[in-house]
2 protein chains.
Amino acid sequence: MTDTKNTRVGFIGLGIMGRSMAGHILAAGHPLWVYNRSREKAAETLAAGATWCDTPAAVAAQSEVVITMVGNPSDVEQVWLGADGVLAGARDALLIDMTTSSPELARRLAAEAAQRACRALDAPVSGGEVGARDAKLSIMVGGAQDAFDAALPLLQLMGANIVRQGEAGAGQHTKMCNQIVIASTIMGVCEGLAYGKAAGLDLPTVLKSIGAGAAGGFQLSVMGGKIIEGDFAPGFFIEHFVKDLGIALAEAQRMQLDLPALALARKLYTGLVDQGHSRLGTQALFKHYEARS
Amino acid sequence: MTDTKNTRVGFIGLGIMGRSMAGHILAAGHPLWVYNRSREKAAETLAAGATWCDTPAAVAAQSEVVITMVGNPSDVEQVWLGADGVLAGARDALLIDMTTSSPELARRLAAEAAQRACRALDAPVSGGEVGARDAKLSIMVGGAQDAFDAALPLLQLMGANIVRQGEAGAGQHTKMCNQIVIASTIMGVCEGLAYGKAAGLDLPTVLKSIGAGAAGGFQLSVMGGKIIEGDFAPGFFIEHFVKDLGIALAEAQRMQLDLPALALARKLYTGLVDQGHSRLGTQALFKHYEARS
């Protein structure tokens, strides 16, 4: 893999983000084999020159590096460990799961990969659709240093901030840190704006006062701005966020760590899912407060 | 007050922030009369040319503009409405309370001021000691437009981001928005870092991955950095933050607005006060999680 132009790459999971990421790999000149649960979502990538395979195992059989970017930990498990899964087809390959998934599963996959003479990395991302499209993702990587070094040229095609965080699982743990910080921050943004609205303040004027100080940050500026405009369209779906918060809470529980604000955020978001808001963006947490004001 | 160099100013409350703010007013050439509950804290300001008065009323009797910067709403009430208070001495003056205090009290003070032919503004600040020293405070102002216009030249000596938020009380309400956003954001920062620490991650490396993305902001970068260094020295005292959160919760309750994350933050911070941590900085919320990990 020193000549990165000729790395044979497999990509599994061609959702909105995966499609952009696979596109960058193709654009760099790598031959690409792909699989997706529903084949129609692969159309764009196939038109750009990728080759379809009928199973994850078939993708892996063709590839030196296999990247997976699917939905839930159970999807990851199926795609890697199923009868037609990546590990059934991989030989001496570097396997990279970029799904946001459980740290525990990441460690298990790394161990299973090692038993088949493969190397594995967990490499979840942040930056969303825009980050994927612009190849500006932040990529948080767990796994052995030599596997990280080997993967880096490919990861650099997709991301701008690529950091090895430690051994297997450390990438997923870091992503959980990210989601935990966001979970409470967006609650604070929603509560602050709900309070301001109830108090009769002009919210854009409030942002002029508080946006650049100690309350300032991405969630207040970007998500706060969307809330004020009544824009609840998804940058990141509530249903995916609830999944991530569930993983984080389960891991925290395993570590006997009590995270009450995270638990509260998950409760509020689960309430929104119950009200049919799972396909809105995370800033739609504001609806919880609106309904009560 | 069109010739701002000659405005006779009174300043009551020479704590760490008030001292810096009064210093900027003196440095601009205004004659200054001062009062502070404990006289020794006035020494620096008196040495710089201010004149001591024995009561708030005596300060107000000398001043066209009176600024108060004291501790709690009850202090504000005493300083403005007490027998020797500002309103007992003020004549045709512009009265500005820059304490973080209750919006309800701000409205009451404005009404009381109007009955004595005075104008009042609530103008709490954010930016802390550093902002006060560098005259870079964000100042959130409530009150009539003409009073704001009259006060602006003086406020500009102390702040860099001065915004009129509406009528009496709106400045305090805006400051509450600021504190409400911070309350949950710092919980998220502490929970994310506590999780990372429990997971065995290297926290400075975690910040490299998550510091510039959707979790990013002042609390994560500045307070997160201090937490990682074990620096719990006060930028802003926990005891003052607990006071502010109490005001915000009381106002929310009055507006029948349920803010569970704010309530949780106040509960956790109150627990730290009970453990003797009231004089640490707000980032010491991390100690709550450390004690449980």
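Residues numbered from 1 in each chain as written. Chains lettered and ligands numbered in written order. Predicted model: local features only at pLDDT ≥ 70, side-chain atom pairs only at ≥ 80, totals over all residues. Heavy atoms only, no water.

Asks: Any chance you could break down the overall build of chain A for me, citing the residues and the numbers?
Replies: Regarding its fold elements, chain A presents 14 helices and 9 strands. Taken over the C-alpha trace, chain A has a radius of gyration of 20 Å; the compact-globule value for 293 residues is 19 Å, and the two agree within 12%. In terms of principal-axis extent, the alpha carbons of chain A reach across some 65 × 45 × 35 Å. In chain A, which comprises 293 residues, the proportion classed as buried is 59%. (Helix = DSSP H or I, 4+ residues; strand = E, 2+ residues; numbered from the N terminus. Rg over C-alpha atoms; globule rule 2.2 N^0.38 Å. Buried < 20%, exposed > 50% of the residue type's maximum accessible area, 1.4 Å probe, protein only.)

Asks: Talk me through the nonpolar core; I want residue IDs and the actual numbers.
Replies: Most often, soluble globular proteins keep nonpolar side chains buried together rather than apart. Core analysis: the biggest nonpolar cluster contains 94 residues, and Y195, Y269 and L285 of chain A together with Y195, Y269 and L285 of chain B have the highest contact counts within it. Those residues in contact with Y195 of chain A that lie beyond four places of it in its chain are P103, H173, M176, C177, I180, A248, E251, A252, M255, L257 and L259 of chain B. (Core = buried A, V, L, I, M, F, W, Y, C linked by side-chain atoms within 4.5 Å. Contact = heavy atoms within 4.5 Å.)

Asks: Tell me what's going on with the relation of the copies chain A and chain B, and back it up with residues and numbers.
Replies: Rotating chain A by 180° and translating it 0.0 Å along the rotation axis places it on chain B, where the RMSD comes to 0.0 Å. Taken together, the rotation and translation describe the operation of a two-fold axis. (Least-squares fit on C-alpha atoms with pLDDT ≥ 70 in both.)

Asks: Could you give an account of helix α11 (residues 218–229) of chain B, with specific residues and numbers?
Replies: Across its 12 residues, α11 of chain B extends 16 Å between first and last C-alpha, which sits within 8% of the 16 Å expected from 1.5 Å per residue. Along α11 of chain B, the positions that sit buried rather than exposed are Q219, L220, M223, G224, G225 and I227 of chain B. Where the residues of α11 of chain B are buried, they touch α9 (170–198) of chain A together with α9 (170–198), α10 (203–210) and α14 (286–290) of chain B. One or two positions beyond α11 of chain B, positive phi appears at G230 of chain B, with a value near 70°. (Expected span 1.5 Å × (residues − 1).)

Asks: Report on the environment of W52 of chain A, specifying residues and quantitative values.
Replies: Residue and element names in this part refer to chain A. Within the secondary structure layout, W52 lies in strand β3 (residues 51–52). As for W52 and A42, which are separated by 10 residues in sequence, their C-alpha atoms are 8.1 Å apart. Contacts of W52, omitting those with residues within four sequence positions, involve V34, Y35, N36, R39, A42 and L46. At 2.9 Å, the side chain of W52 and the side chain of D54 are in polar contact. (Polar contact = N/O pair within 3.5 Å; in protein donor to acceptor, adjacent residues only side chain to side chain.)

Asks: For helix α12 (residues 238–254) of chain A, give the residues involved together with the corresponding values.
Replies: Given a rise of 1.5 Å per residue, 17 residues ought to cover 24 Å, and the 24 Å separating the end C-alpha atoms of α12 of chain A matches this to within 8%. Of all 17 residues in α12 of chain A, 12 are buried, a share of seventy percent or more. Listing the buried residues of α12 of chain A in full gives I238, F241, V242, K243, D244, L245, G246, I247, A248, L249, E251 and A252 of chain A. Next to the buried residues of α12 of chain A lie α4 (73–81), α6 (103–115), α9 and α13 (260–274) of chain A together with α9 of chain B. Looking one or two residues beyond α12 of chain A, the residue adopting positive phi is Q256 of chain A, at roughly 55°.

Asks: So, the interface of chain A and chain B: which residues are in play, and what are the values?
Replies: When the parts come together, some accessible area is lost, and that loss is often what is quoted as the size of the interface. Listed by partner, the interface residues are 60 residues for chain A and 60 residues for chain B. At the junction of chain A with chain B, the criterion picks out 0 salt bridges. Viewed at the interface, chain B and chain A are joined by 20 residue pairs in polar contact (both at pLDDT 80 or more). At the level of elements, β8 (137–142), β9 (159–166), α9, α10 (203–210), α11 (218–229), α12 and α13 of chain A are the ones that each hand at least two residues to the side of chain A that touches chain B. At 20 residues, the largest contribution of residues to the side of chain A that touches chain B is made by α9 of chain A. (Salt bridge = Lys/Arg side-chain N within 4 Å of Asp/Glu carboxyl O.)

Asks: How would you summarise the pairing of β9 of chain A if you had to cite specific residues and measurements?
Replies: Residues and elements named next belong to chain A. With 6 bridges connecting them, β8 and β9 associate as parallel partners. What sits directly across from V141, in β9, is R164. Once the chain exits β8 it traverses helix α8 (residues 145–155) before rejoining the sheet at β9, and the crossover so formed is right-handed. (Pairing = 2+ DSSP bridges. Right-handed = clockwise from strand over helix to strand, strands pointing away.)

Asks: An account of the packing of α9 of chain B against helix α13 (residues 260–274) of chain B is requested, with residue identities and associated values reported.
Replies: Residues and elements named next belong to chain B. In the contact formed by α9 and α13, the axes pass within 9 Å of each other and the chain directions differ by 65°. Classified by the interaxial angle, the pair formed by α9 and α13 is roughly perpendicular. For the pair α9 and α13, the sense of crossing is left-handed. Listed contacts from α13 to I180, A183, S184, I186 and M187 of α9 are A261, L262, L264, A265, L268 and Y269. (Axes fitted to C-alpha atoms, helices over the stretch in contact; angles between N-to-C directions. Parallel < 35°, antiparallel > 145°, perpendicular 65-115°, else oblique. Left-handed = near helix turned anticlockwise from the far one by under 90°.)

Asks: Describe the domain arrangement of chain A, listing the residues and the values that go with them.
Replies: Residues and elements named next belong to chain A. Under the domain assignment, chain A is made up of domain 1 (4–166) and domain 2 (173–290). Here the C-alpha centre of domain 2 lies 29 Å away from the C-alpha centre of domain 1. Tallying the contact residues gives 16 residues for domain 1 and 12 residues for domain 2. Both sides of the domain 1 and domain 2 interface together cover about 1,100 Å² of buried area, and 57% of this is carbon and sulfur. Sorting the residues of domain 1 by area buried against domain 2 places T100, P103 and M140 first, and these three jointly supply 41% of that buried surface. Inspection of the domain 1/domain 2 interface yields 0 salt bridges. When contributions to the side of domain 1 that touches domain 2 are tallied by element, the ones reaching two or more residues are α6 and β7 (125–126). Here the element with the most residues in the side of domain 1 that touches domain 2 is α6; it accounts for 3 residues. Grouping the constituent residues of the side of domain 1 that touches domain 2 by class yields 5 nonpolar, 8 polar and 3 charged. (Domains from an automatic or database assignment. Buried area = accessible area lost by both parts, 1.4 Å probe. Nonpolar A, V, L, I, M, F, W, Y, C, P; charged D, E, K, R; others polar.)

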